[in-house]
Amino acid sequence: MAMLEVNNLKKIYTTRFGGNNVQALTNVCFTVEQGEYVAIMGESGSGKTTLLNILAALDKPSSGEVLLNGRNIVEIREKDISAFRRDNLGFVFQDFNLLDTFSVQDNIFLPLVLAGKSFDEMSRRLQPIATKLGIRDILNKYPYEISGGQKQRTAVARALITDPQLILADEPTGALDSKATDRLLKLFEEINADGQTILMVTHSVKAASHARRVLFIKDGEVFHQLYRANMTEDEMYGKIADTLTLLQKGGRNA
Amino acid sequence: MHKAFYPRLAAQNCIKNGKFYFPYLLTVIFSSAAFYIVLALSQTGSLPELQRYFYLSMFMLIGTFVLGLFFIIFLIYTNSFLMKRRGKELALYNILGMGKGNIGVVLCYETLYTWLIGVGGGILLGMLLQRLITMLVTRMLRIDVKYEFFISVYGIAVTAIFFGAVLFVTLLLNLGRLRVQKPVELLRQGNVGEREPRTRWLLTILGLLSLGGGYYIAVSTHNSVQAIGVYFVAVFLVIIGTYCLFSAVSVVLLKALRKNKCFFYRTGNFIGVSGMLHRMNRNAVGLANICILSTMVLVMISATLALFLGTEDAITTRYPGDLNAEVWYWTDRPFDTDRAEQKLTEALEEQGATVIGSLSYTSTDQPAALDGSSFIIQDDVYNVNGDRILVLLTAEDYNKLSGQNVSLAKDQMLISGSDSLVGDVRFVFRGESGERVMNFTAAPTAEKFSMSSGDVYLGMVDYIILPDLDTLKEVENNCAFALGEDERTLSWFCEINTDGSDQQIAQWGQQVADPDLCGFNGDEDIQWELYRLETQAENRQDFYTMNGGFFFLGVFLGIVFLMATVLIIYYKQISEGYEDRERFRIMQQVGLEKREIRRSINVQILIVFFAPLVVAGVHVAFDFNMVRLMLVLFGLNNAALTAWCTVGSFLVFALIYALVYLLTARVYYRIVSGESRE
């Protein structure tokens, strides 16, 4: 059974006075297997963010279902959603979303504190992750004292520390320079190699080329998908670029 | 641009910024209403030309000055808060192509609206309230003159001009700020992370020391004169201490809480403690302000309330009987006390009064210094630690006053006072020409003895019971020797109670106060230096006018300060709400439940909100001793009443405070949970 199953997802935004309806997602279907690393690509306005918000249980679809390990997250009751999100999902955002009022360590602890874990358990979980992400030396610093790359690695640590089923990353490299981007993408690959399932939304070809599979979304539908299989990153890069070109041309012709 | 553009834009701005602007407008309305009322009351023309009616105008005049000064500071403060919140908005106008001149015109219109609506509305509200307040004032001051509603043109004019001037100053400040600000920086403002405040040990220690010093002074003061002298020192120390407490001690405390892993790593504490810690830089002063204002309100209201409720007490302390005669007589000339008492009673009965009871006694009082077991009496005794007053009585009069039955041998005496002196006690009279000594064997009185007339003394009072009148006269003579005076007089007091009404008693009093009418003149056995007779009835009115005036002013100013406190709290909550919004959004994304948001907000708000109240409560508790002592100067010596008034004021204040909390917590919650859009 697939770990994540998205069936006939549809989302229509209605303006307040019932004027124009905007169809963000028309009919999205795809599955993600345990241990996969999937990138979702598409232009601005293609429905990527809407899709991610629905997967994150931050938004409800107009129709369709999202099954995480067979459980339909669309039907989770409002009061259980936060706990569900905390226990099953890890988030990495473009603008890091770290809290300035917490030290790096406390930022990473945040979801565990919210889950009511003890300090000892939190430290035990933190040690291997901090070592792996290379942020051991900055644990006591504050977000405004560290670089963008360090911030994003902190955010990754915060996502990993709950040991989630699925990591959702929204343009994780969007605010990073190329060096930090390389390091982060390498990290994602390593994490994935350890068995972590990752779903990443991006429009960076480079970021997508690190994934094992790339889904292309256009006008609210999954338009195409690419498997990396045994391709090198460069080959994958080329393929993705070609697909994007095709996608855009197709868009003009349609 | 179209002519109507500026006024319209200004009006839109006011409405769009309603969350900040309406409380500001309300403040202007209430402030000008309060100002108009005190002005109108101070100008009441239709009152009789009696001394006590003069008090009313005087109190209102004081009120005008205090309020005026306060409003200047407070309106400038709230305005600057308002403008800080609007920095982004104005910068946006600037970037979108409005020159600073154009924005200035809009600001002028806004100020004009504030003046028209705020001050106009305030004066109208003031007129409405004036009727009610006039009624209350006449009740409290027991003024029996009917005193009608009137419109004070003077009040309107002064209020309009005063607030016009204050608002004009705020406008100038705003324009000045506008001139120097850079729009791009303003747009980015608020995104800069606030650094964690450093631990400032020096300030922490300074704060604790000055707070401790202030408290120590307050607690260790034992007499009223001293209390007045050091009160402002103590207040000053406590104010400094309060600012340090909130800005430095709080940081130390919060950091200590953060170190406690078990406490810190729980949802509510985790978010609350770190949030507060980071905001302390800017918050500390606001919290300290709230704390100090609250303390002021509490002290003012509780003290004046105690004074007002204790008026009857103060009257009976000062005037124990319906009629109170006081006579000074010489130690070397005859004065028959029984006969004098009889004469007074007869004179009153001649006027038609029925005397129910009378009590008379002789006493003298003398400032002295205590050195070991010697009372030192000399000129300028205050310079040698003379901190006590001796009230000397004969055993006979003591028995009359206390209901005891003691008789003393020639060199015995009884003492009731602040120290328990027993055994050999000496009076040492140090005059210019030598020293005289009187030796006694002292014992304490059976029960602690005090006289209500002793309460009016400002120092420690020792009551000393001497064997007989001759000994008392000898002491008085020696005192005169020590001070180098020729006057050697004792005071004789006579308290008489009758069955008459206040009005009758006042009338009889005026008659019998004449030494010819009371039969003192022409009697060989009654030779006196001074004679006066006062009635409770005549003085009651004065006391009520005075204490009622204080109370009214206390409550009135208290309410105005309370309004200020509430507004500061409200603004603080809103601005923090907007700051916290982003944080709570992020936390929701990583799995913070709505329920948890509410809970952690509660932890944070409760601490931030009630810390000033708790500290104010502690201040007031320490201040209690001082207030009690100073009220003695106003004739109130009733610690229990003062304590109840303080506790009562605190509870009522806490209740109002809690209501404000509930209200602002809701607004805050709505902002951070994103239910209200900016």
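Across the contact, 25 residues belong to chain B and 28 residues belong to chain A. Both faces combined, the contact of chain B with chain A buries some 2,400 Å², and carbon together with sulfur accounts for 62% of it. If you sort the residues of chain B by the area they bury against chain A, Y265(B), Q589(B) and V590(B) come out on top, with a joint share of 28%. Our count for the contact surface shared by chain B and chain A stands at zero salt bridges. Residue composition of the side of chain B that touches chain A, grouped by class: eight nonpolar, eight polar and nine charged.

Take the confidence of the model for chain B next. Residue and element names in this part refer to chain B. Per-chain confidence: chain B averages 83 in pLDDT, with 93% of residues scoring 70 or above. Of all secondary-structure elements in chain B, the lowest mean pLDDT belongs to helix α7 (residues 183-188), at 66, while helix α8 (residues 201-220) reaches the highest, 91. For this predicted complex, the interface confidence score (ipTM) comes to 0.78, while the overall pTM stands at 0.76.

Residues and elements named next belong to chain A. Closest axis-to-axis distance for the helix α5 (residues 148-160)/helix α6 (residues 178-193) pair is 10 Å, and the angle between their directions is 20°. Between α5 and α6, the angle is such that the two are roughly parallel. Like other packed secondary-structure pairs, α5 and α6 cross with a definite hand, here right-handed. On the side of α5, the interface is formed by G149, Q152, R153, V156 and L160, while α6 contributes A180, R183, L184, L187, F188 and I191. The class makeup of the residues in the contact of α5 with α6 is seven nonpolar, two polar and two charged.

With that settled, consider the domain arrangement of chain B. Residue and element names in this part refer to chain B. Parsing chain B into structural domains produces domain 1 (1-192), domain 2 (199-317 + 537-678) and domain 3 (318-536). The straight-line distance from the C-alpha centre of domain 1 to that of domain 2 is 26 Å. Taken together, the contact pairs 32 residues of domain 1 with 31 residues of domain 2. Of the roughly 3,000 Å² buried at the junction of domain 1 and domain 2 (both faces included), carbon and sulfur atoms supply 78%.

Cut-offs used in this document
- Residues numbered from 1 in each chain as written.
- Chains lettered and ligands numbered in written order.
- Predicted model: local features only at pLDDT ≥ 70, side-chain atom pairs only at ≥ 80, totals over all residues.
- Heavy atoms only, no water.
- Contact = heavy atoms within 4.5 Å.
- Buried area = accessible area lost by both parts, 1.4 Å probe.
- Salt bridge = Lys/Arg side-chain N within 4 Å of Asp/Glu carboxyl O.
- Nonpolar A, V, L, I, M, F, W, Y, C, P; charged D, E, K, R; others polar.
- pLDDT = per-residue confidence, 0-100.
- Helix = DSSP H or I, 4+ residues; strand = E, 2+ residues; numbered from the N terminus.
- Axes fitted to C-alpha atoms, helices over the stretch in contact; angles between N-to-C directions.
- Parallel < 35°, antiparallel > 145°, perpendicular 65-115°, else oblique.
- Left-handed = near helix turned anticlockwise from the far one by under 90°.
- Domains from an automatic or database assignment.

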